[in-house]
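Given next are the chains, with one letter for each unit.
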Amino acid sequence: FTLTSAAFPNVDRDDLDLEVDLWARAEDPKILEELGQRYSAVICGSDQVWNLRWYHPAYFLTFAGDKPKFSYGASMALQELSDQERALFRAHLENFDGISVRESQAADMLGKAMGREVWWVLDPTLLLTQDQWDEVCAPKMVQEKYLFCYFLDKAPGARRLAKSFARRHGLK
């Protein structure tokens, strides 16, 4: 996947200096080391990037050495932190120059754990207006009305509920 894929036909990757395929290569320490050396600062952030069920040190920018590190809208989906989790976040985030998360509870928890300000920010997907999204996205692939659900796990009860709702409302 690249930013110039069919999903975003109007985004010119040449105008951006981004590495969008880090996810697929996060296991390769040589590539991470090269990325850490290439950029003057590094930013992380995404849905569930700090969810410890999918922990990887690269998601905490450990490859960036002493370069400035920031998070924008990082998500962790934790309601509380154990002592061990608190220590892990402290160790990974102590050298971040700025930390922001998309959940208010995460901002409170991390702020207390770190003893510093952690900003609560808007989910990055909500920063664009509908018109701005329409400008960068490809035309709809599905023209009929449908229900889209995003589950982090199998969630059989939630899936049954979604299917029932879709049937009741004539949605695919």
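In this text, all values refer to a predicted model and were calculated from it rather than measured experimentally. (Residues numbered from 1 in each chain as written. Predicted model: local features only at pLDDT ≥ 70, side-chain atom pairs only at ≥ 80, totals over all residues. Heavy atoms only, no water.)

Caption draft 1: Highlighting the pattern of salt bridges. The full count for this structure, using the stated rule, is five salt bridges. Across the salt bridge formed by Arg-102 and Asp-47, the nearest N and O atoms sit 3.8 Å from each other. Of this pair, Arg-102 sits in the loop between strand E3 (100-101) and helix H4 (104-114) while Asp-47 sits in the loop between strand E1 (42-44) and strand E2 (69-71); the two residues are 55 residues apart in sequence, bridging distant segments of the chain. Given the relative accessible area of 17%, Arg-102 is considered buried. (Salt bridge = Lys/Arg side-chain N within 4 Å of Asp/Glu carboxyl O. Helix = DSSP H or I, 4+ residues; strand = E, 2+ residues; numbered from the N terminus. Buried < 20%, exposed > 50% of the residue type's maximum accessible area, 1.4 Å probe, protein only.)

Caption draft 2: Structural context of the side chain of Ser-75. Note on placement: Ser-75 falls in the loop between E2 and helix H3 (83-93). We classify Ser-75 as buried; its relative accessible area is 1%. Here the side chain of Ser-75 touches Glu-103 through a polar contact of 2.6 Å, side chain to side chain. In this view, Ser-75 contacts Ser-46, Asp-47, Gln-48, Val-49, Trp-50, Asn-51, Arg-102 and Glu-103; residues no more than four positions away in its chain are not counted. (Polar contact = N/O pair within 3.5 Å; in protein donor to acceptor, adjacent residues only side chain to side chain. Contact = heavy atoms within 4.5 Å.)

Caption draft 3: Summary view of the environment of His-92. Tracing the backbone through its elements, the reader meets His-92 in helix H3. For His-92, a relative accessible area of 17% gives the class buried. In terms of polar contacts, His-92 uses its side chain to reach the side chain of Tyr-55, at 2.7 Å.

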